[in-house]
Amino acid sequence: MTTLNAELRTFYEARQQQIPAEIREIMHRAGQELADSGQADRALTVGAQAPRFTLPSATGQSLALDDLLTDGPVVLTFYRGAWCPYCNLALRSLQQHHEAITARGARLVAVSPQIPDESLTLTEKHDLAFDILSDIGSDTAKQYGLAVDLPDDLATVYDKLGFDLQRVNGGHPRTLPLPATYVINRDGVIRWAFVNTDYTTRAEPADLLDALAALN
């Protein structure tokens, strides 16, 4: 069975051939600067108390981390948005492993800076069985140390590509979360963490399942 990151790498290599060289250069430079910034090292990691949040779901109901934790551990994953093909591949993979996650007693929730309407469209498109939450303004991502601002040239590229982050992120077009996934135990403590500045790399569901098994 192909791993998620192998699938992401195959997609990345095919995608590179479709992107003009000048845009590839801007993307590569922005990625290198972000990697060099040490942002991933400043994000919350294992042993930290998970910041509490209450966020709207795709269907408009508010979900609080404290409420989710009453039923068991929580798998919390941050993604950039439905416009990001790497995010879509990662969410689809999580959906394929959703039954195994719930079998281990955990609740999976995904968080992005997009407005609930965009989350609802994404949920329906991929037939997602887990909640997609809207962190408009990225306040929750900031609490986890994940929020980053796009450099000017990359923001311009995203505009030209038609991502329309001004609209889909509710007036906060420049701030996105680093891709990250956390396993939070019932006491609200982070017990496993994946954070990477490279949005083409994501947490492997198999590693996530191992982390959940280790809680018991």
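To keep things clear, this report deals only with the structure shown in the data block. (Residues numbered from 1 in each chain as written. Predicted model: local features only at pLDDT ≥ 70, side-chain atom pairs only at ≥ 80, totals over all residues. Heavy atoms only, no water.)

1. Topic: the packing of aromatic side chains
Basically, it comes down to this: Aromatic contacts are taken between Phe, Tyr and Trp rings whose centres are within 6.5 Å, Trp giving its six-membered ring; a plane angle under 30 degrees counts as stacked, one over 60 as edge-to-face, and the others as tilted. Numbering of helices and strands starts at the N terminus; helices are DSSP runs of H or I of at least 4 residues and strands are runs of E of at least 2. Three exposure classes are used, based on accessible area relative to the maximum for each residue type with a 1.4 Å probe and protein chains only: buried under 20%, partly exposed in between, and exposed over 50%.
All chains considered together, the criterion is met by seven aromatic pairs. Ring geometry for Phe11 versus Tyr86: centroids 5.2 Å apart, planes at 85°, classification edge-to-face. Taken together, the residues Phe11 in helix α1 (residues 4-16) and Tyr86 in helix α5 (residues 85-96) connect sequence positions 75 residues apart. For Phe11, a relative accessible area of 27% gives the class partly exposed. We classify Tyr86 as buried; its relative accessible area is 4%. Ring geometry for Tyr158 and Phe163: centres 5.2 Å apart, planes at 65°, overall edge-to-face. Judged by relative accessible area, Tyr158 falls into the buried class, the value being 3%. The buried category is assigned to Phe163, whose relative accessible area is 16%.

2. Remarks on helix α11 (residues 205-215)
Convention followed: As used here, the arc is the angular range of directions from the helix axis to the C-beta atoms. In what follows, residue pairs with any heavy atoms lying within 4.5 Å of each other are defined as contacts.
By the burial criterion, the buried members of α11 are Pro205, Leu208, Leu209, Ala211 and Leu212. In an axial view of α11, the angular spread of the buried residues amounts to 155°, which keeps them on one side of the axis. Relative to its buried face, α11 has exposed residues pointing more than 90 degrees away, namely Asp210 and Ala214. For α11, the elements touching its buried residues are α1, β3 (74-78), α5, α6 (98-103), β8 (180-184) and β9 (190-195).

3. Overview of the side chain of Thr175
As a reminder, the rule being used: Any pair of N or O atoms that falls within 3.5 Å is considered a polar contact. Within protein, one atom must be able to donate a hydrogen and the other to accept it, and sequence-neighbouring residues count only if both atoms are side-chain atoms.
Within the secondary structure, Thr175 is located in strand β7 (residues 175-177). Look at Thr175 and you get buried, because its relative accessible area is 13%. Side-chain polar atoms of Thr175 contact the side chain of Asp149, separated by 2.6 Å.

4. Topic: the pairing of strand β4 (residues 107-112)
Put simply, the rule reads: Here, strands pair whenever DSSP counts at least two bridges between them. Seen with its strands pointing away from the viewer, a crossover is right-handed if its path from the first strand over the helix to the second goes clockwise.
Most of β4 sits inside the fold, with five of its six residues counted as buried. Where β3 lies against β4, five bridges are found, and the strand directions are parallel. From the neighbouring strand, Val74 faces β4, where its bridge partner is Arg107. Where β4 lies against strand β5 (residues 131-134), four bridges are found, and the strand directions are parallel. Bridge assignment links Ala110 to a residue of β5, and that residue is Ile132. Taken together, β4, helix α7 (residues 116-126) and β5 form a β-α-β motif whose crossover is right-handed.

5. Notes on the nonpolar core
Our working definition: Among the buried residues, those of types Ala, Val, Leu, Ile, Met, Phe, Trp, Tyr and Cys that are joined through side-chain atoms within 4.5 Å form a nonpolar core.
Of all hydrophobic cores here, the largest spans 42 residues; its most connected members are Val75, Trp83, Ile101, Phe130, Tyr158 and Leu165. Among the elements of the structure, α1, α2 (21-36), α5, β4, α9 (152-160), α10 (165-168), β9 and α11 are those that each provide at least two residues to this core. Top element by residues in this core is α5. It accounts for six residues. Not counting the four nearest positions on each side in its chain, Leu165 is found in contact with Trp83, Leu150, Tyr158, Gly170, Pro173 and Leu176.

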